[in-house]
Structure formats: structure tokens, C-alpha cells
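Observations on the three-dimensional arrangement
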Amino acid sequence: MAERDKQATGETVVDEGEIDFAAAVERLEQLVERLESGELTLEGSLAAFEQGVRLTRNAQRRLDEAELRVRTLVEGSDGGIDFEPFAGPSAEDDGEH
């Protein structure tokens, strides 16, 4: 399928699991530009869309992992610094993902 995607979009298909967050965002921007340009065939557009979905999921997973690693520094009652787990988004924010 990757070979078909490569032929349909006219570009090299990147292994989304191996690229970092910034590269994934850059690749997504390139895909959006190509989709908006109208230069792709229907098959090429579908392949680009599928690759975009994979890149988006990979980037979201990386963001979720980074969020879990973030810690908030809190001054304890004894004057020392304690680490507290990062509080995730509130229930109100869940609709914004």
C-alpha cells in the first residue's frame, strides 16, 4: 500500500512512526497544501488524506506522552519543592481536541 500511496501522491511516503513531532507537523502542512492545490488525482488525494490521518494520530500520541511527563513544581509546607503530576485538561476542554 505504501508503494501505491507513493505513486498516487508523487512523493515519498514517510514512516510516521519514525519522525519527530516537528517533522510530522511539517509533513502535514505539505499534505494540506497539495490537497488544496487540486493537483492530485482522487487516488492521490485519498492516499494523502490517509497519510495525514496517520501523521495526526502519531503527533497526538506524542503530545499525550509529553503531557504525561510534564510535572508541576509546588512549594511544600516545609519550604521544599515537591513535584505534582500534571493536571490534564478539564472535562470542559475535552471537546477541543
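Residues numbered from 1 in each chain as written. Predicted model: local features only at pLDDT ≥ 70, side-chain atom pairs only at ≥ 80, totals over all residues. Heavy atoms only, no water.

1. Some points on the pattern of salt bridges
Summed over all chains, the structure comprises 2 salt bridges. The salt bridge partner of Glu39 is Arg34, with a shortest N-O separation of 2.7 Å. Under the relative-accessibility criterion, Glu39 is labelled exposed at 53%. Note that Arg61 and Glu65 form a salt bridge whose closest N and O atoms lie 2.9 Å from each other. In this pair, Arg61 and Glu65 are both assigned in helix α3 (residues 42-69), 4 residues apart and thus about one turn of the helix distant. Arg61 gets classed as partly exposed once you look at its relative accessible area, which sits at 37%. On the accessibility criterion, Glu65 (40% relative accessible area) is partly exposed. (Salt bridge = Lys/Arg side-chain N within 4 Å of Asp/Glu carboxyl O. Buried < 20%, exposed > 50% of the residue type's maximum accessible area, 1.4 Å probe, protein only. Helix = DSSP H or I, 4+ residues; strand = E, 2+ residues; numbered from the N terminus.)

2. Some details on α3
For α3, built from 28 residues, the straight-helix expectation of 40 Å at 1.5 Å per residue is met to within 8% by its first-to-last C-alpha distance of 41 Å. Residues of α3 that are buried: Gly44, Ala47, Ala48, Gln51, Gly52, Leu55, Asn58 and Ala59. (Expected span 1.5 Å × (residues − 1).)

3. Remarks on the nonpolar core
Ile19, Ala24, Leu28, Leu31, Leu40, Ala48 and Leu55 together form the largest nonpolar core, which totals 7 residues. Counting residues per element, the ones that place at least two in this core are α2 (21-37) and α3. By residue number, the principal contributor to this core is α2, which donates 3 residues. Here Ala24 is in contact with Ile19 and Leu55, once residues within four sequence places are set aside. (Core = buried A, V, L, I, M, F, W, Y, C linked by side-chain atoms within 4.5 Å. Contact = heavy atoms within 4.5 Å.)

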